[in-house]
Amino acid sequence: FFELNLYRDISFFKVIGIFLLGGAFSLLFTLYLYDVFEEADCGALLIGIIEEVGKVLIVLVLLHGTKRLTVLKGLLIGGAIGCGFAVFERAGYAFNVYLDAHDYNTRARMANNILSTLNPWGFQEYGYANSITEMNVNIILRSILSFGGHTSWAAIAGAPFGREKKINFKFLFMFIICIILHA
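Small disclaimer: the values here were computed from a predicted structure and weren't measured.

## Points about the nonpolar core
Here is step 1: Val-56, Leu-63, Ile-77, Ile-81 and Phe-161 are the most contacted members of the largest nonpolar core, which has 20 residues in total.
Here is step 2: When contributions to this core are tallied by element, the ones reaching two or more residues are α1 (12-36), α2 (44-64), α3 (71-118), α5 (150-164) and α6 (169-182).
Here is step 3: Examining the composition of this core, we find that 5 residues originate from one element, α2, more than from any other.
Here is step 4: The residues contacting Val-56, other than those within four sequence positions of it, are Ala-157, Phe-171 and Phe-175.

## Here we look at the side chain of Thr-70
Here is step 1: Inspection of the secondary structure assignment puts Thr-70 in the loop between α2 and α3.
Here is step 2: The contact partners of Thr-70, leaving out residues within four places of it in the chain, are Tyr-7, Gly-162 and Arg-163.

## Description of the pattern of salt bridges
Here is step 1: Taken as a whole and judged by the stated rule, the model has 4 salt bridges.
Here is step 2: Residue Glu-52 is joined to Lys-55 by a salt bridge in which the shortest nitrogen-to-oxygen separation is 2.8 Å. With Glu-52 and Lys-55 both in helix α2, this residue pair falls 3 residues apart, about one helical turn.
Here is step 3: In this structure, a network of salt bridges that share partners links the residues Arg-163, Glu-164 and Lys-170.

Rules and cut-offs
Residues numbered from 1 in each chain as written. Predicted model: local features only at pLDDT ≥ 70, side-chain atom pairs only at ≥ 80, totals over all residues. Heavy atoms only, no water. Core = buried A, V, L, I, M, F, W, Y, C linked by side-chain atoms within 4.5 Å. Buried < 20%, exposed > 50% of the residue type's maximum accessible area, 1.4 Å probe, protein only. Helix = DSSP H or I, 4+ residues; strand = E, 2+ residues; numbered from the N terminus. Contact = heavy atoms within 4.5 Å. Salt bridge = Lys/Arg side-chain N within 4 Å of Asp/Glu carboxyl O.

Structure follows, in structure tokens:
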């Protein structure tokens, strides 16, 4: 997306800042929306709506304050925010997998200690999971499956706003397509 910045009016360092801060703020806003809709049944469609709204609001805030909006600028800023969101989300999932494997190992160690006192032969009933390997497998699997994910969806939502400079039918149509793709 950075190579599509034909006007060269957004520097590489600014894109990195949008990637980091925009991704972090969109993830935080999404977490806030999850708290708001805590009681609702989080099916695939509601998750798509919540996460896409969280990303597109940050995209709209950043695009609203820029001069000379273009489709390519909307594509670049949307893609940077979507990519930052995906990176932070993936890191959270990987950390949860690590903690789950570590928790499983703790329970397995406790169960094996209890079983060793009851079992005179000392056989262990429960094996152990390698926490780091489980986390790395999760990261690799999510990286392989991430093509066309949050980065593309946020770019698709940012491009029509950059072209039209307002929220209209084209923007809403593309935004609904992103929600459906996410769901």
